[in-house]
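# Structure at a glance
Here is how the chains run, residue by residue.
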Amino acid sequence: MGAQKKVAAAARVRDDSEDLTRQRLQAIVLADSFTTQFRPITLERPKVLLPLVNIPMIDYTLAWLESAGIEEIFLFCCAHSSLVIDYLEKSEWYSRSNPNLLVRTIVSPKSTSVGDALRYIYEQQTETSQIQGDFVLVSGDTVSNMPLADLIQEHRDRKKKDEKAIMTMVIKKQFRLEIGSDQIFMAVDPLTKQLLHYEEGNARSGDVCLDKSLLNSSNPSVLVCNDMQDCYIDICSPEVLSLFEDNFDYQHLRRHFVNGLLVDDIMGYKIFTHEIQSSFYAARIDNLRSYDMVSKNIIQRWTYPYVPDINFSGNRPLKLGRQGIYRASDSVQSRSADIGASTAIGYGAKIGNGGKIFNSVIGNGCCIGSNVVIQGSYIWNNVTIEDGCEIRNAIVCDGVKIRAGAVLQPGVVLSFNVVVGRDFVVPAFSKVSLLQQPTTEDSDEEMEYAGSSSGTADLLSGVNNLQLESKASELGPDGTGYIWKVCDSAHDEEWKHSVVPIPMDKLADITRAMNDDDIDDESVVPPSGELKSDTDSINTDANDDYGYFEREVEETFLMAIIKDDVDHVIRLINSRRFAYNMASADCAGAVFYSMMRLAVNTPHNSARELYRNATGVITKWKGVLGFYLKQTDEQIEVIMKFEEMCEESAELGPLFAKIVHFLYDKDVVQEDAILRWGEEKAGADECDKVFLNQCEALIQWLKEASEEEEEEEDS
Amino acid sequence: MDFQVVILAGGFSSNLVPLVSKEVPKALLPVANRPVLSYVLDLLESNNLKDLIVVVEGEDAALKVGGWISSACVDRLHVEVAAVAENVGTAGALRAIAHHLTAKDILIVSGDIVSDIPPGAVAATHRRHDAAVTVMLCAQPVSGPSESGGSGGKDKTKKPACDDIIGLDSLKQFLLYIAKGAEIKKDTRVKKSILCAAGKMEIRSDLMDSHIYAFKRSVLQEVLDQKPAFRSLKEDVLPYLVRTQLRSEIFSDQNNVEENGNGNGKNNMQNNEVVLSQILSNASLPSFHQVYESGLDSRKTHKCCVYIADESKYFVRLNSIQAFMDVNRDVIGDANHLSGYSFSAHHNIVHPSAELGSKTTVGPHCMLGEGSQVGDKCSVKRSVIGRHCRIGSNVKIVNSVVMDHATIGDGCSIQGSVICSNAQLQERVTLRDCQVEAGYVVCAGSEHKGETFARK
């Protein structure tokens, strides 16, 4: 089929670039996305090998790059690198003696981000294998059929004119509002297509802030888009690699690198965008929702020629029937089974009587019993589904057994070899794996993946144990597998990233949330003058800053006290203080706050014990406090801070006066500070004076004491 | 006529001191020997907008303006003059005359515009979209209006950089964002909700608000009533309407009840699904307002439209002394179709009753008013000279405006200056970039540059 075309494409590329010094067209393919969206599946198999309409994702990417005229591909593997390499060795990519395409693999199990990967590639370059010129940077989960030669040429031409134009980003008009994926707001110069602003995030509310300098006389117009999609296909100049090398803190390609370049006006590097024509397709699979969408697009032939009925990567082509039904020639299907539109059925699949299957993909070697309903689901290879099961909007991995009468509710993901027990109902959005959920769930998503490669081995060894263990698993009496718990915060988000169509009420919620935001926003903006809102936001920024600072100090403090060294604690806290540019008083407040939190968090049964805890902490760490409490003002700040804490905590409230007294006894706060605090507070509202009243006795006593002293001095 | 036109003619604008005075409010400042207001009136008349209310700040100014109008065009137009208190702002002025407003739509025009943009086009756009407000935008002069006027490069740099920053949708029909460049300190903040709805927004700094607005009367009055703090149409009312276009708080009374009354119940439910699927399939339908309007949370929207004037059109607001100079120069120069005069073969206008001395030359792009006398060996270039001026001999006048009844002694040299009416320059005065207040006397032989002469 496409052999001729490939040659033609390659030839054309050669013609185009002949005037340049001959450069091989190179591409870097990241066979690892450094995210955890596909867990638990990706614990056992790398994402790029997951089947997309029965063909591994990486094949789509490689086939596309090959036909686009790329001659050398650096395939970067990280997690499960051996599996990826094994697969490639078996597939045609290595074995095929294709003189036009050279695939090299680079393995670095330690990389935890795109940044690490590119740095590693940069370091590993040798004479024989190196990035020579402009290259295409894509991840191994990209499905596209766009031509690259012209785009690379465009990039080169631009680069020749402007040294600083080092990257061209491919963007595409969004046909659907994708709620699952992040919203991207970008600002582009409508004439030159230079990227001026890039912002991604889930927030559909709030403001997009464009720097004022973007608009000037030479550039009177800026296009802000929300309806474009970032395809994560970049044409990069070699500078990109060295920039990653120079900026060792760049991790994420967009968040750090792109935004870093846009903000940095010293180097003046520029990024340009290229909007692909609507007749071409480009998409990246970065979560289950996009997996669902791209699968459907493939079935609907948007990605032609990368469709199931064409052999583009050594796959066995399926036969396309009417209504977009793809069928393997040897699949066996009962006459009474009802196969609906937009469905693909793999080789050796057997479908029993009375089944209803539509909008789904059935893998090779699947065995489906009678009266099974499968809708909008992705069944991978060698899955056994017994009679009477009902599967809606689920992903079922290789080797899964679903016993008779079981039901998968929408959004379920069954990882490899899971067994669902008879008549068991798997609750919606649950993720099931033979592997236990890693207990130390890192919040930092980039960190997670790094751990996984080593962790998997341990987990895998656990699989055997599991099978030995009692049969009563979480999936019914005759099932095996663990249902992963979803952390609370993520639970609400689960529906966004699943293969389930977005429910109406959620959609309404989103719009409502936007609406609410508007109203909140409105209350901030005063009716007259936009300027005020600015100052408001600055204030909140400062508050936020302080909030972060306080939290960091608390963490630092808790970490530091393990070492039991006052100087050490001070040193660490000072480093935080300079990082946030905080005054000494703020530090004192934050330190005291941390101390009190420590006291409160230490187990206690009564107020007495709490008091003892508090005094203990104070006695031990008063050196730290003392360091920041040299001025009366700072001491007052601490008292105020404490007052604030007491207002919030019912436990601490009654102890206020006692602890203040204790602080006085320990010379942490001076009597001046207490008295001045009392004076300041004297004018406050009655409700604010709760703690002042508590301290009345103390203040009275202090006053008398000082008067006595004065008298003594007088006499 | 169902469009009512309000002309905001201002009062004694402090920007224009010393050109304006108790005798001459801003609206009556002469541009090529005609009050600036007459240009607006002509413009409106040519668009068949004849039902006008001229709003003037201050009783005195109103009397003056009223007097002029009744003498000049009472026969052609139906003009009412309303006086409002000084310094109430544009929104305040409209509030004060609200009881005069009866038509469905109101066209608001600033009284200091010299332009050939058709206001009728704004009205038509407004009607076509059934908009709450339609704003006329025109190209920002790149550097000094109509630079080919040829007064040299110096005033090009003077142009203050207070551009408007304007966000438009992809079809350039709707106004999604507006801010004054000077107000934005660092960031332009665009609301994501509007951006999400519109899909794309083009932010332009090369357009400016021309101070010609069409408002729906109900909307305008509602906003003015609800937000008593709003002072300025441009800075308060318009940004407010733009900001809230996707969740309109206006029409909260009668209209809302009406629409909810008949359409709610079942209709809403049906709509919901339609809208949701629309949102799913494509968030940026051309009329994104409708998508928002028809369903969710019975949210109301209103449209803020724009009409972008053709770049070839002339537009200047007379709001600074520099603008005054520019307008005078342009109206007898490049934009002479605005002046309504017919030019002589020398591209100038010398009134038949004016008297020129021997060897006096009046260059192209000049104007010499009725009954003025110019002595011998004078040279007048690119200047406007008013009525009944007396100009001595050996006088050089370049790029200047001399208003009615001014007296200029022998041997004076005037460049880039404004001499107001009844002012007197004694012999051998040299002025460059100066303004001389009405009735002021500049002593003989003095030389000045860039000064303002006014009685304290």
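Relevant structure appears above.
Residues numbered from 1 in each chain as written. Chains lettered and ligands numbered in written order. Predicted model: local features only at pLDDT ≥ 70, side-chain atom pairs only at ≥ 80, totals over all residues. Heavy atoms only, no water.

To continue, consider the overall build of chain A. Each helix and strand counted, chain A has 22 helices and 36 strands in total. Counting only residues that meet the buried cut, chain A has 54% of its 715 residues in that class. A sequence separation of at least 24 residues applies to 59% of the contacts in chain A between residues at least 6 apart. Summing over all exposed atoms, chain A offers an accessible surface of approximately 31,600 Å²; the carbon and sulfur share of this is 50%. (Helix = DSSP H or I, 4+ residues; strand = E, 2+ residues; numbered from the N terminus. Buried < 20%, exposed > 50% of the residue type's maximum accessible area, 1.4 Å probe, protein only. Contact = heavy atoms within 4.5 Å. Areas by Shrake-Rupley, 256 points an atom, 1.4 Å probe, with all protein chains shown as cover.)

What follows is about the overall build of chain B. Across its full length, chain B carries 11 helices and 34 strands. Pairs at least 24 residues apart make up 55% of the contacts formed inside chain B by residues separated by at least 6 positions. Summing over all exposed atoms, chain B offers an accessible surface of approximately 18,300 Å²; the carbon and sulfur share of this is 48%.

Moving on: the packing of helix α18 (residues 632-648) of chain A against helix α20 (residues 671-682) of chain A. Helix packing for two helices is described by the angle between their axes and how far apart those axes are. Residue and element names in this part refer to chain A. Following both chains from N to C, one finds α18 and α20 inclined at 60 degrees, their axes separated by 9 Å at the closest point. By the criterion of interaxial angle, the relationship of α18 to α20 is oblique. α20 is crossed by α18, and the crossing has right-handed handedness. Within the contact between the two elements, α18 uses T632, D633, Q635, I636, I639, M640 and E643 and α20 uses D672, A673, I674, R676, W677, E680 and K681. A class-by-class count of the residues in the contact of α18 with α20 yields 6 nonpolar, 2 polar and 6 charged. (Axes fitted to C-alpha atoms, helices over the stretch in contact; angles between N-to-C directions. Parallel < 35°, antiparallel > 145°, perpendicular 65-115°, else oblique. Left-handed = near helix turned anticlockwise from the far one by under 90°. Nonpolar A, V, L, I, M, F, W, Y, C, P; charged D, E, K, R; others polar.)

Our focus in this paragraph is the packing of aromatic side chains. Enumeration according to the criterion identifies 16 aromatic pairs over all chains in this entry. The interplanar angle of 90 degrees and the centroid separation of 6.0 Å between the aromatic rings of Y664(A) and W701(A) together place this pair among those described as edge-to-face. In this pair, Y664(A) is assigned in helix α19 (residues 656-665) and W701(A) in helix α22 (residues 696-714), connecting sequence segments 37 residues apart. Residue class for W701(A) comes out partly exposed when judged on its relative accessible area of 43%. On the basis of an interplanar angle of 40 degrees and a centroid distance of 5.6 Å, the ring pair of Y440(B) and F453(B) is categorised as tilted. With Y440(B) in the loop between β31 (435-436) and β32 (441-442) and F453(B) in strand β34 (residues 452-453), this pair connects stretches of sequence that are 13 residues apart. Chaining the aromatic ring pairs together yields one cluster made of F38(A), Y291(A), Y378(A), W380(A) and F416(A). The positively charged end of R34(B) is found above the aromatic ring belonging to Y39(B), 4.2 Å away from the centroid. (Phe/Tyr/Trp six-rings, centres within 6.5 Å; stacked < 30°, edge-to-face > 60°. Lys NZ or Arg CZ within 6 Å of the ring centre and 35° of its normal.)

This part covers the packing of helix α6 (residues 114-124) of chain A against helix α8 (residues 239-246) of chain A. Residue and element names in this part refer to chain A. Close contact between α6 and α8 brings their axes to 9 Å; oriented N to C, the two are set at 110 degrees. Relative to α8, the element α6 lies roughly perpendicular. Taking contact as the criterion, the partners of G115, L118, R119, Y122 and E123 in α6 are, on α8, L241, S242, F244 and E245. Tallied by class, residues from the contact of α6 with α8 come to 4 nonpolar, 2 polar and 3 charged.

Those residues of helix α4 (residues 81-90) of chain A that fall on the buried side of the exposure criterion are S81(A), V84(A), I85(A) and L88(A). Across the axial projection of α4(A), the buried residues extend over an arc of 95 degrees, all falling on one side. (Arc of directions from axis to C-beta.)

If you look at the biggest cluster of nonpolar residues, it comprises 65 residues, and the most contacted ones within it are L148(A) and I233(A). A total of 7 residues in this core trace back to one element, the largest contributor, which is helix α3 (residues 57-67) of chain A. Setting aside chain neighbours within four positions, we find I233(A) in contact with W64(A), V136(A), L137(A), V138(A), T142(A), S144(A), M146(A), L148(A), T168(A), M169(A), V170(A) and A282(A). With 64 residues, the next largest nonpolar core counts L44(B), I113(B), C138(B) and A323(B) among its residues. (Core = buried A, V, L, I, M, F, W, Y, C linked by side-chain atoms within 4.5 Å.)

What follows is about the pattern of salt bridges. Tallied over the full model, the rule gives 30 salt bridges over all chains. As a salt-bridge pair, E72(A) and R24(A) come within 3.2 Å of each other at their nearest N and O atoms. Of this pair, E72(A) sits in strand β4 (residues 72-77) while R24(A) is found in the loop between α1 (3-17) and β1 (26-30), placing the two residues 48 residues apart along the sequence. Judged by its relative accessible area of 2%, E72(A) falls in the buried class. Linked through salt bridges whose partners overlap, the residues forming this network are K172(B), E202(B), R204(B) and D206(B). (Salt bridge = Lys/Arg side-chain N within 4 Å of Asp/Glu carboxyl O.)

In this fold, G69(A) is placed in the loop between α3 and β4. Spatially, the C-alpha atom of G69(A) lies 8.4 Å from that of P147(A), the residues being 78 residues apart in sequence.

So, about the sheet that holds strand β30 (residues 401-402) of chain A. Paired through backbone hydrogen bonds, the strands of a sheet run either parallel or antiparallel to each other. Residue and element names in this part refer to chain A. Spatially, β18-β21-β24-β27-β30-β33 is the arrangement adopted by the 6 strands of the open sheet, whose pairing is parallel. The open sheet is flanked by β18 (332-333) and β33 (419-420), the only strands paired with a single partner. As paired strands, β18 and strand β21 (residues 350-351) are joined by 2 bridges and run parallel to one another. When the bridges of β21 are listed, V332 appears paired with K350. (Pairing = 2+ DSSP bridges.)

Looking now at helix α15 (residues 566-580) of chain A. All names here are of chain A. With 15 residues, α15 extends 21 Å between its outermost C-alpha atoms, agreeing within 8% with the 21 Å of an ideal straight helix rising 1.5 Å per residue. Looking only at α15, the buried set comprises H568, V569, I570, I573, N574, R577 and Y580. Positive phi shows up at N581, right after α15, with a value of about 55 degrees. (Expected span 1.5 Å × (residues − 1).)

This paragraph deals with the sheet that holds strand β23 (residues 390-391) of chain B. On the basis of which strands lie adjacent, the open sheet formed by 6 strands has the order β17-β20-β23-β26-β29-β32 (chain B) and parallel pairing. A single partner strand is all that each edge strand has here, and the edge strands are β17 (355-356) and β32 of chain B.

Residue and element names in this part refer to chain A. Within β1, 5 of the 5 residues are buried, leaving the element largely enclosed by the surrounding structure. With burial as the criterion, each face of β1 is covered, one bearing Q26, I28 and L30 and the other bearing A27 and V29. Pairing between β1 and β4: 5 bridges, direction parallel. Bridge pairing in β4 links Q26 to E72. The sheet contact formed by β1 and strand β6 (residues 135-139) spans 5 bridges and is parallel.

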